Amino acid sequence: MTELSIGEVGTGLSVHALRFYEREGLLVGPVRRTAGGRRRYAVLDVQWLEICVRLRESGMPLADLRRFAELVRQGPGNEAERLRLLDTHRQRVDERIRELEECRSLIAWKTAVYADHLERGEAAGLWDPTAENRSARA
């Protein structure tokens, strides 16, 4: 079985973050250690860490991730609770995506306004905070 040192784990997590994940109970199993006390990660540990990284990148709260890891460690029989936890998080992600799409639409509209004005040579005065008459042209 291939095992990796803490520095060889390629999840995008720093050594400090890996130690944090371990301290916070976010791993599904104990990390094996060498006789000298150095951490050794199995392939399954790395695969789990990759899931954790994605869940955190998507905004899952640490408490939810901790609970999810706890449920996985408990083994079979709590799949419905795992599903509820993940589904709730997916709903939050979907809402954030909708919010970002609205932001993107506004940005696309503003870039089109600026591009149009620049193309026509009429960009002067497009949102000039020093102008007395602050129009809605911004």
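Rules used in this analysis
- Positions within a chain are numbered from 1, following the residues in the order the chain's sequence is written.
- The predicted nature of this model means local features are confined to residues of pLDDT at least 70 and side-chain atom pairs, given and counted, to a pLDDT of 80 or more, with totals for whole chains, interfaces and linings taken over all residues.
- Computation of side-chain values: all heavy atoms of the structure, hydrogens and water removed.
- Lines fitted to C-alpha atoms define the axes here, with helix axes fitted over just the stretch in contact, and angles between the N-to-C directions of these axes take values from 0 to 180 degrees.
- Elements are defined by DSSP. Helices are runs of H or I of four residues or more, strands are runs of E of two residues or more, and each kind is numbered from the N terminus.
- Orientation labels follow simple angle bins: below 35 degrees gives roughly parallel, above 145 gives roughly antiparallel, 65 to 115 gives roughly perpendicular, and whatever is left gives oblique.
- The handedness criterion is simple: a crossing whose near helix is rotated anticlockwise from the far helix by less than a right angle is left-handed, and one whose near helix is rotated clockwise is right-handed.
- Any two residues whose heavy atoms approach within 4.5 Å at even a single point are treated as in contact.
- The length a helix should cover is 1.5 Å for every residue beyond the first.
- Between the rings of Phe, Tyr and Trp (Trp by its six-membered ring), a pair exists once the centres lie within 6.5 Å; its type follows the angle of the planes, with under 30 degrees stacked, over 60 edge-to-face, and the other angles tilted.
- Using a 1.4 Å probe on the protein chains alone, a residue whose accessible area is under 20% of its type maximum counts as buried, one over 50% counts as exposed, and one in between counts as partly exposed.

*Asks:* Outline the packing of helix 3 (residues 62–74) against helix 4 (residues 79–120), listing residues and values.
*Replies:* Viewed as axis vectors pointing N to C, helix 3 and helix 4 meet at an angle of 155°, and their least axial separation amounts to 10 Å. Between helix 3 and helix 4, the crossing angle belongs to the class labelled roughly antiparallel. The two elements helix 3 and helix 4 meet at a crossing, and its hand is left-handed. Within the contact between the two elements, helix 3 uses Asp64, Arg67, Phe68, Leu71 and Val72 and helix 4 uses Glu81, Arg82, Leu85, Leu86 and Arg92.

*Asks:* Explain helix 4 to me, and be specific about the residues and the numbers.
*Replies:* Two residues of an α-helix separated by three or four positions point the same way, owing to the 3.6 residues in each turn. For helix 4, with 42 residues, the first-to-last C-alpha span of 60 Å sits near the 62 Å given by 1.5 Å per residue. The inward-facing, buried residues of helix 4 abut helix 2 (43–57) and helix 3. A positive backbone phi angle near 75° is found at Gly121, which sits one or two residues after helix 4.

*Asks:* Requested: an account of the packing of aromatic side chains, with residues and values cited.
*Replies:* Following the criterion strictly, the structure yields 2 aromatic pairs and no others. Between the aromatic rings of Phe20 and Tyr21, the centroid separation amounts to 6.3 Å while the plane-to-plane angle is 70°, which identifies the pairing as edge-to-face. Here Phe20 falls in the partly exposed class, since its relative accessible area comes to 26%. Classification of Tyr21 as buried rests on a relative accessible area of 6%. Summarising the aromatic geometry, the rings of Trp48 and Phe68 are spaced 5.6 Å apart at their centres and angled 25° between planes, so their arrangement reads as stacked. In this pair, Trp48 sits in helix 2 while Phe68 sits in helix 3, placing the two residues 20 residues apart along the sequence. The residues Trp48 and Phe68 share a single accessibility class, namely buried.

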